[in-house]
Amino acid sequence: MMRPHPLASDGAFVRRNEDAVYFLGDARRHKDEEIEQNPNVGLAFADGQRFVSVTGHASVSQDKAKIRDLWSPMVKAWWESPDDPNIRLITVTPDDAEFWDGPGKIIGTIKMIAAAATSSRPNYGENRKVTM
């Protein structure tokens, strides 16, 4: 099973003990308005041959304490400080998740060719569904 990193390369802050995935957004990009109209979200993460798909609900706030908690040098590339009035905290509370731990691209291609030649289905690794 894939273990989430505290800060994923795509800007997601995964906090399993808080049952949340956080993102920092910019009010000038109107993501808060989109979430207000439809809070249902889908997230997808990939790490080589491991994949996670998460469905859940998003909310937007200006929780300065949590923004400071998530602040890092990578975030500083977008805003000068955690006190920037344009920063929004997007919190995703997961409902369901699906995990795949499959073969890499070359092995996956070989498995597909072998399965096609033998009229069988390729074994693409482990798959699990989780309800949060």
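Residues numbered from 1 in each chain as written. Predicted model: local features only at pLDDT ≥ 70, side-chain atom pairs only at ≥ 80, totals over all residues. Heavy atoms only, no water.

## Let's talk about the overall build of the chain
Logical step 1: For the chain, the count of helices and strands is three helices and six strands.
Logical step 2: Helices and strands in the chain line up, N terminus first, as β-β-α-β-β-α-β-α-β.
Logical step 3: In the chain, which comprises 132 residues, the share counted as buried stands at 33%.
Logical step 4: The long-range fraction of contacts in the chain, counting pairs at least 24 apart against all pairs at least 6 apart in sequence, stands at 63%.
Logical step 5: In the form shown here, the chain has an accessible surface area of approximately 8900 Å², with 55% of it arising from carbon and sulfur atoms. (Helix = DSSP H or I, 4+ residues; strand = E, 2+ residues; numbered from the N terminus. Buried < 20%, exposed > 50% of the residue type's maximum accessible area, 1.4 Å probe, protein only. Contact = heavy atoms within 4.5 Å. Areas by Shrake-Rupley, 256 points an atom, 1.4 Å probe, with all protein chains shown as cover.)

## Details of the nonpolar core
Logical step 1: Membership of the largest hydrophobic core comes to 14 residues, with the highest contact counts inside it found for Val21, Phe23, Leu43, Phe45 and Val92.
Logical step 2: When residues of this core are assigned to their parent elements, the largest contribution, four residues, is made by strand S5 (residues 87-101).
Logical step 3: For Phe23, the contacting residues outside a window of four places in its chain are Gly11, Ala12, Leu43, Arg88, Leu89, Ile90 and Val92.
Logical step 4: Counting ten residues, the second-largest nonpolar core is a separate cluster that includes Ile67, Leu70, Trp79 and Leu89. (Core = buried A, V, L, I, M, F, W, Y, C linked by side-chain atoms within 4.5 Å.)

## Considerations on the confidence of the model for the chain
Logical step 1: Looking at the chain, the pLDDT average stands at 79 and 70% of residues meet or exceed 70.
Logical step 2: Between the elements of the chain, mean pLDDT differs from a low of 58, seen in helix H3 (residues 105-118), to a high of 95, seen in helix H2 (residues 64-70).
Logical step 3: Low pLDDT, under 50, characterises residues 1-9; the stretch is placed with 19 contacts to residues that sit more than four places away or in other chains. (pLDDT = per-residue confidence, 0-100.)

## Here we look at unusual backbone geometry
Logical step 1: Even without glycine at this site, Asp19 takes up a positive phi of about 50°.
Logical step 2: Checked against the element boundaries, Asp19 lands in the loop between strand S1 (13-15) and strand S2 (20-26).
Logical step 3: Notably, His30 is not glycine yet its phi reads approximately 65°, a positive angle.
Logical step 4: In this structure, His30 sits in the loop between S2 and helix H1 (31-37).
Logical step 5: In this structure His30 comes out as partly exposed when scored by relative accessible area, which is 39%.

## Brief notes about the environment of Val60
Logical step 1: Inspection of the secondary structure puts Val60 in strand S4 (residues 50-61).
Logical step 2: With 32 residues separating them along the chain, Val60 and Val92 place their C-alpha atoms 9.0 Å apart.

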